Amino acid sequence: VYPPTYVYRVIWWNLADVDDHERFPSQELETGPSDFEFRHELDEARVAALFEAQSEVDHLDEFLASRETQAFLVIQDDAILYERYFNGASRDSIVTSFSVAKSFVSALVGIAIGEGKIASVHDPITRYLPELVQRDSRFAEITIENLLRMSSGIRYQEFPFLTGDDAKTYYYPDLRTLALEHTEIAGEPGSAFLYNNSHPLLLGLILERATGVPVAEYLQEKIWKPLGMEYPGSWSLDSTETGFPKMESGINARAIDFARFGRLYLNEGDWGGRQIVPAAWVAESTRVKPAPDRGSYYPEDFELPSGKLGYGYMWWGICRDEGDCDFAAEGNLGQLIYVSPRSRLIIVKNSSGYGDLSWHQWDDLFSRVAAAFASP
């Protein structure tokens with residue numbers, strides 16, 4: 001028996017789209033004063049030439065516009081080289097981040113550990129959520145790290161849509177109850193990667209209890225204000241009654257502010273001399289999970305033409321060679337913050353769909369472009 005709100009959302013809202021921030025209730029993220037701005041040093045011809053060479057298309061703008069792109073930014077060494085908006089979007093257009101939000105959640109966990117509010121990534125989740133043991137003692141074997149790496153062993157089935165976990169974790173009007181009372185163990189923690197939207201919900205509960213403040217407020221005070229985001233943002237809520245943030249997908253912002261978050265991680269958590277996120281956390285978060293038997297841990301489609309795809313602490317990693325790895329925050333329908341430390345490069349893409357490329361193909365394209373930017 002499902003709540004009427006859930007049934008209504010599934011039937012009438014149906015599949016997620018980039019305007020969902022207008023449908024859910026939300027909590028505003030206030031910004032603070034800023035002493036940093038990206039420099040405008042447009043070099044659109046160079047950017048277009050590199051992308052066109054790697055994508056084998058004739059015109060970058062047409063390529064992006066025809067593939068449902070809304071915003072596209074390329075930034076190197078704090079200089080905006082390319083900034084274009086398509087399909088009715090503009091610089092101040094707000095978009096739903098979808099799973100880009102997970103990378104923000106990861107940052108908040110790292111900050112809470114740095115402040116001593118969470119003891120360790122190796123803590124069992126039942127240290128903070130003891131009621132889970134009452135349903136199944138095996139929850140005590142799951143660590144915070146297992147949640148971050150998408151390897152908890154918690155059951156997750158996307159389909160069928162009405163009763164699948166994708167719809168539930170997206171549309172359920174009481175996500176606290178969903179995470180605490182409806183999650184089930186199906187496998188051994190740490191044994192295999194399985195993308196699971198229950199994980200950020202559980203992490204949100206841990207953050208809520210460990211810090212003693214609402215998660216959206218924690219994000220505002222620890223990241224949004226200190227970075228001096230150019231615009232206010234918002235975090236969609238499951239409902240006005242429960243007021244729990246949609247941890248898996250609900251941070252809404254502008255492309256330029258997603259770029260600021262990418263810059264924070266490019267600079268190892270430092271922002272103008274202030275360590276916002278512990279540097280060690282940034283390094284571990286963006287490091288691809290080493291797997292003794294990669295073939296049994298990751299799906300086989302994680303092998304890209306340009307390198308190997310993997311997962312850190314809710315950041316995707318793309319490694320071309322040993323020591324030559326990029327990382328990315330990625331969301332449904334093509335939301336992306338792509339960071340290449342070697343090239344000092346940030347690419348932000350917001351879109352209403354993938355176009356005719358799969359998300360793996362977009363990853364591969366950005367990996368090849370980042371390598372091209374690093375070449376003399």
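What you see is a predicted model, and the numbers here were worked out from it, not measured in a lab. (Residues numbered from 1 in each chain as written. Predicted model: local features only at pLDDT ≥ 70, side-chain atom pairs only at ≥ 80, totals over all residues. Heavy atoms only, no water.)

Participant: I would appreciate a short explanation of the sheet that holds strand β13 (residues 324-331) in the present structure.
Facilitator: The strand order across the open sheet built from 9 strands is β2-β4-β3-β15-β14-β13-β12-β11-β10, with neighbouring strands paired in mixed fashion. Where the open sheet ends on each side, the last strands, each with one partner, are β2 (39-40) and β10 (303-304). Helix-sheet contacts for helix α4 (residues 100-114) involve β11 (307-311), β13 and β14 (335-340), and the interaxial angle to β13 is about 110 degrees. Sheet strands in contact with helix α11 (residues 255-266) are β3 (69-76), β4 (79-85), β13, β14 and β15 (345-351), and its direction is about 145 degrees off that of β15. (Pairing = 2+ DSSP bridges. Helix = DSSP H or I, 4+ residues; strand = E, 2+ residues; numbered from the N terminus. Contact = heavy atoms within 4.5 Å. Axes fitted to C-alpha atoms, helices over the stretch in contact; angles between N-to-C directions.)

Participant: Can you help me understand the pairing of β15 in this one?
Facilitator: When a strand is regular, its side chains alternate between the sheet's two faces. With 7 of 7 residues buried, β15 lies mostly within the body of the structure. What you see with β15 is no split at all: Leu345, Ile347, Lys349 and Ser351 on one side and Ile346, Val348 and Asn350 on the other are buried throughout. Here β3 runs beside β15; their pairing, made up of 7 bridges, is antiparallel. Within β15, the residue paired with Ala71 across the bridge is Asn350. Both β14 and β15 contribute to a ladder of 5 bridges, which runs antiparallel. The partner of Ser340 across the bridge, within β15, is Leu345. (Buried < 20%, exposed > 50% of the residue type's maximum accessible area, 1.4 Å probe, protein only.)

Participant: Explanation requested: the sheet that holds strand β1 (residues 26-29) in the structure shown.
Facilitator: Taking strand neighbours across the sheet as the criterion, the 4 strands line up as β1-β6-β7-β5 in an open arrangement whose pairing is antiparallel. With partners counted over all chains shown, the strands left at the sheet margins are β1 and β5 (95-96), one partner each. Along the sheet face, helix α10 (residues 215-224) touches β1, β6 (233-236) and β7 (251-253) and points at about 15 degrees away from the line of β1.

Participant: Hey, could you run me through the state of the cysteines in this one?
Facilitator: Here, disulfide denotes a covalent bond that connects the sulfur atoms of two cysteines. Summed over the entire model, instances satisfying the criterion amount to 1 disulfide. Disulfide pairing is shown between Cys319 and Cys325; the S-S distance is 2.0 Å. Taking the torsion about the S-S bond as the criterion, the Cys319 to Cys325 disulfide, at about 105 degrees, is right-handed. Of the residues examined, Cys319 reaches a relative accessible area of 18% and is grouped as buried. (Disulfide = S-S within 2.5 Å.)

Participant: How should I be thinking about a nonpolar patch on the surface in this particular structure?
Facilitator: Residues Tyr2, Val7, Tyr8, Ile11 and Trp12 make up a contiguous nonpolar surface patch of about 540 Å² in total accessible area. If you trace the backbone, Trp12 turns up in helix α1 (residues 4-13). Here Trp12 falls in the exposed class, since its relative accessible area comes to 64%. (Patch = residues over 30% accessible without salt bridge, like charges linked within 9 Å, V, L, I, M, F, W, Y side chains within 5 Å. Areas by Shrake-Rupley, 256 points an atom, 1.4 Å probe, with all protein chains shown as cover. Salt bridge = Lys/Arg side-chain N within 4 Å of Asp/Glu carboxyl O.)

Participant: Sorry if this is basic, but what is going on with the environment of Leu50 here?
Facilitator: Counting through the fold element by element, Leu50 comes out in helix α2 (residues 44-55). Other than its neighbours up to four places away in sequence, Leu50 contacts Val369, Ala372 and Phe373.

Participant: Just checking my understanding: could you explain unusual backbone geometry for this structure?
Facilitator: Most peptide bonds are trans, and most residues other than glycine sit at a negative phi. Note the cis peptide between Phe159 and Pro160, where omega equals 0 degrees. Looking at the secondary structure, you find Pro160 in the loop between α6 (144-148) and α7 (165-171). For Asp77, which is not a glycine, the phi torsion comes out positive at approximately 50 degrees. Mapped onto the secondary structure, Asp77 falls in the loop between β3 and β4. Taking relative accessible area as the criterion, Asp77 reaches 44% and is therefore assigned partly exposed.

Participant: I tried to follow α1 on my own but got confused; where do I start?
Facilitator: Given 3.6 residues per helical turn, the α-helix brings residues three or four places apart onto the same face. Within the span of α1, buried status applies to Tyr6, Arg9, Val10 and Trp13. Take α1 and look down its axis: the buried residues cluster within an arc of 105 degrees, on one side only. Residues of α1 that are exposed and point more than 90 degrees away from the buried face comprise Pro4, Ile11 and Trp12. In this structure, the buried residues of α1 make contact with α7. (Arc of directions from axis to C-beta.)

The analysis is restricted to geometry; functional conclusions fall outside its scope.
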